[in-house]
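A look at the structure
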Amino acid sequence: MMSAEYGFPRGFILGAATAAYQIEGGWREDGKGPSIWDDFAHRKGKIANNDTGDVASDHYHRWQEDVAIMREIGLDAYRFSISWPRVLPLGRGAVNAKGLGFYDRLVDELLASGIKPYVTLYHWDLPLELQKQGGWSSNDIRSRFAEYAALLASRLGDRVKNWITLNEPWMFVFIGHLLGMHAPGLKNPWKAMRVLHNALCSHGMAVQAIKAERPDSSVGITLSLSPLEPATDTDRDKEATHRADLFMNRLLLDPIFGRGYPEEIRRLLRLFFPKVTQEDLALIATPIDFLGVNTYTRDIIRYDWRVPFLHLWSSISDVPESDFIRNGVQYTTMGVEVYPPSIYQVLARIRDEYGNHPVVITENGSSFTDVVQNGKVDDPKRIAYLDGYLNEVLHAAADGCDVRGYFVWTLMDNMEWSFGCAKRHGLVYVDFKSGQRIPKASAARYAEIIRDSLPGRHGHK
Ligand code: NOJ
């Protein structure tokens, strides 16, 4: 069994993660303003089955029950995101006391349950009002985001010590502004690159704002990172893989770690790059306490002449109806290959190429077709995924990677963005009609891992 193979580092945190839009619902309750995701999901045909986050997992009403489930599992920590327009309906100015009150009570309940809150400031639900003013493509967003960060640090920072500025900027920048499959649904490469640069500058300003308000807090950013492999041994596929790495990984990692945007990608995308000043680069490189990493699998890259400038395509682009096995390998309902060594490879890369900066795995998990039988959900594939990946995290730690925590994606079934509610990633099953929760067998397995590893993690072994 996994924990017997490699020990847990002392102080290692085991948690679960969620995001506001995916679970809360209550989309216009108690003074909440609309977000770009409310707007996007309400456009016909944008989301599978025309699902929306209007109700989602109904966490806005069932949050106490949800914290009780977390307590049952024995989580050390819970990563959740704050809905910016719930707190600031217009994105700036007047605070919605009821909206902030929701998070205030959630934080108190978590702490009373012995669960550390890890708060993400931005998990993709920009206030619609700010989008109307240009959203992330307008330079103004930098100050708006920093003000929002300062507000939360001042109101919650007496109790919240761990902060994540942005969740997966690559995804909201390019899927939202280049491919148009996420909010705000734009397909504009010039805008996309401006959005990327503004998002990273906003991140730097937010780190500084939180530190100014609460010097004792620990602040990071969460990136989506995957190891990439060429589909074949040909030079064309290998070169495509190199470009994919520049575009998907190093485009963000390098500037965050003070190296600026890689020269090669600047050349390749020179038509689209906005003006970048030395001050901007210094801002982006504002020191972070930890790098948050979301990682799910490796990505297989092939040369594709049809894709302008980058000339590449990735295997993750085709999403099936249900999970399947190909050549003896399990895939999830998201078309994600179950490949545990990938998490080791990502961690080893940060160790080898980015100074072994402290890492927290802020997301890792799997979606499978779950069925309720006799009031129970047996999910052996999710358990195998969890055991396999966590084992590789511990393997990496044993090999010297400074990895400090692991958060399962996700606590409960939710609204999986453009895929709607059919892709279930949760440790807890949610009946989207009644709102009923059923902890799956994987929740019991995670509880067992947490309990059994406690002595080692607390240094009593
Ligand atoms: C990454 C995103 O942060 C999260 O919102 C999403 O649900 C998971 N990956 C699974 O696709």
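Per chain, residues are indexed from 1 in the order of the written sequence. Only residues with pLDDT of at least 70 get local features here, since the model is predicted, and only at 80 or more are side-chain atom pairs given and counted; chain-wide, interface and lining totals rely on the full set of residues. The basis for every side-chain value is the complete set of non-hydrogen atoms in the structure, without hydrogens or water.

What follows is about the overall build of the protein. Across its full length, the protein holds 16 helices and 17 strands. In terms of overall dimensions, the protein is globule-like: its C-alpha atoms have a radius of gyration of 21 Å, near the 23 Å expected for 461 residues. Overall, the protein is about 55 × 55 × 45 Å in size when its C-alpha atoms are taken along their principal axes. Across the 461 residues that make up the protein, the buried fraction comes to 61%. Here, two residues are considered to be in contact whenever any of their heavy atoms come within 4.5 Å of each other. Counting only contacts in the protein whose residues sit at least 6 apart along the sequence, the fraction spanning at least 24 positions is 75%. Calculation of accessible area relied on Shrake-Rupley with a 1.4 Å probe; when residues are assessed, cover is drawn exclusively from the protein chains displayed. Within the structure as shown, the protein displays about 18,000 Å² of accessible surface, and the carbon and sulfur contribution to it stands at 51%. Runs of H or I in DSSP of at least four residues are treated as helices and runs of E of at least two as strands, each being numbered from the N terminus. C-alpha atoms define the radius of gyration in this analysis, and the globule rule sets the expected value at 2.2 Å times the number of residues to the power 0.38. For every residue, the accessible area obtained with a 1.4 Å probe (protein chains only) is divided by the maximum for its type, and the residue is called buried under 20%, exposed over 50%, and partly exposed between those limits.

Of all residues adjacent to the ligand, which total 13 residues, the nearest are Gln 22, Asn 167, Glu 363, Glu 416 and Trp 417. For the ligand, an oxygen atom lies 2.7 Å from a polar atom in the side chain of Glu 363. Any pair of nitrogen or oxygen atoms within 3.5 Å is treated as a polar contact; in protein, a donor-acceptor pairing is required on top of that, and neighbouring residues in sequence qualify only through side-chain atoms on both sides. One nitrogen or oxygen atom from the side chain of Trp 409 is found 3.2 Å from an oxygen atom belonging to the ligand. Against a free-state accessible area of 300 Å², the protein chains account for coverage of 91% of the ligand. Nearness is judged by heavy atoms alone; a residue qualifies as near a molecule or strand once a single heavy atom is within 4 Å of it.

This paragraph deals with the pairing of strand β12 (residues 359–364). Counting buried positions along β12 yields 6 of 6 residues, so the element is predominantly enclosed. At least two DSSP bridges between two strands are needed for those strands to be called paired. Judged from the 4 bridges that link them, strand β7 (residues 290–294) and β12 form a sheet pairing that is parallel. When the bridges of β12 are listed, Val 293 appears paired with Ile 361. Strand direction decides the pairing type here: β12 and strand β15 (residues 403–409), joined by 4 bridges, are parallel. Residue Val 360 lies in a different strand from β15, and its bridge partner there is Gly 405.

A fitted line through C-alpha atoms represents every axis, and for helices the fit uses only the stretch in contact; the resulting angles, taken between N-to-C directions, go from 0 to 180 degrees. Running from N to C, helix α14 (residues 341–353) and helix α15 (residues 380–398) cross one another at 30°; their axes reach a closest spacing of 8 Å. As judged from the angle between their axes, α14 and α15 are roughly parallel. At the point where α14 passes α15, the crossing takes the right-handed sense. Residues Pro 341, Ser 342, Ile 343, Tyr 344 and Leu 347 of α14 form the contact with α15, whose own contacting residues are Tyr 389, Glu 392, Val 393, His 395 and Ala 396. For this scheme, ten residues count as nonpolar: Ala, Val, Leu, Ile, Met, Phe, Trp, Tyr, Cys and Pro. Four count as charged, namely Asp, Glu, Lys and Arg, and the remainder, Gly too, count as polar. Its residues assigned to classes, the contact of α14 with α15 shows 7 nonpolar, 2 polar and 1 charged. Any angle that is under 35 degrees is reported as roughly parallel, and any over 145 degrees as roughly antiparallel; angles of 65 to 115 degrees are reported as roughly perpendicular and all others as oblique. Handedness of each helix crossing follows the sense of rotation of the near helix against the far helix: counterclockwise by less than a right angle gives left-handed, clockwise gives right-handed.

Turning to the packing of helix α4 (residues 59–73) against helix α6 (residues 97–112), a few remarks are in order. The contact between α4 and α6 brings their axes to 10 Å, and the two run at 10°. The angle between α4 and α6 places the two elements in the roughly parallel class. As α4 runs across α6, the sense of the crossing is right-handed. Two secondary-structure elements touch here, α4 through His 59, Tyr 60, Trp 63, Gln 64, Val 67, Met 70 and Arg 71 and α6 through Lys 98, Phe 102, Arg 105, Leu 106, Glu 109 and Leu 110. The residue makeup of the contact of α4 with α6, split by class, is 7 nonpolar, 2 polar and 4 charged.

Pairing in this closed barrel of 8 strands is parallel, and the strands run β1-β2-β3-β4-β5-β7-β12-β15 around the ring. Strand-to-strand twist in this sheet, taken as the mean axis angle between neighbours without regard to direction, amounts to 25°. α6 contacts β2 (77–81) and β3 (116–122) of the sheet and is inclined by roughly 170° relative to β2. Sheet strands touched by helix α11 (residues 235–256): β5 (218–224) and β7. Its angle to β5, the strand with the most contacts, is close to 160°.

A few words now on empty space enclosed by the protein. Cavity and pocket criteria rest on a 1 Å grid covering protein atoms alone: a 1.4 Å probe that fits but cannot get out defines a cavity, protein on both sides within 12 Å along at least 5 of 7 lines defines an open pocket, and an atom within 4 Å of a point defines a lining residue. Grid points are joined across faces, edges and corners, and a volume is the space filled by probe spheres set on the points. All chains considered together, the criterion is met by 4 cavities of 30 Å³ or more. Lining the largest cavity are Ala 20, Tyr 21, Glu 24, Gly 25, Trp 27, Lys 32, Ser 35, Asp 38, Gly 53, Ser 83, Arg 86 and Asp 125. Within the lining of the largest cavity, the residues separate by chemical class into 3 nonpolar, 4 polar and 5 charged. Of all the secondary structure elements, the ones that give two or more residues to the lining of the second largest cavity are α15 and β15. Split by residue class, the lining of the second largest cavity holds 6 nonpolar, 3 polar and 1 charged.

Turning next to the environment of Gly 53. With respect to the helices and strands, the residue Gly 53 is situated in the loop between α3 (36–41) and α4. Gly 53 sits 32 residues away from Tyr 21 along the chain, and the two C-alpha atoms are 6.1 Å apart.

Attention now moves to unusual backbone geometry. Going from Ala 183 to Pro 184, the amide bond is cis rather than trans, its omega being 5°. By the element assignment, Pro 184 lies in the loop between α9 (169–177) and α10 (189–213). Between Trp 409 and Thr 410 the backbone carries a cis peptide bond, its omega angle lying at 15°. Position of Thr 410 relative to the elements: it lies in the loop between β15 and β16 (428–430). Within the chain, Trp 124 stands out as a residue other than glycine whose phi angle is a positive 85°.

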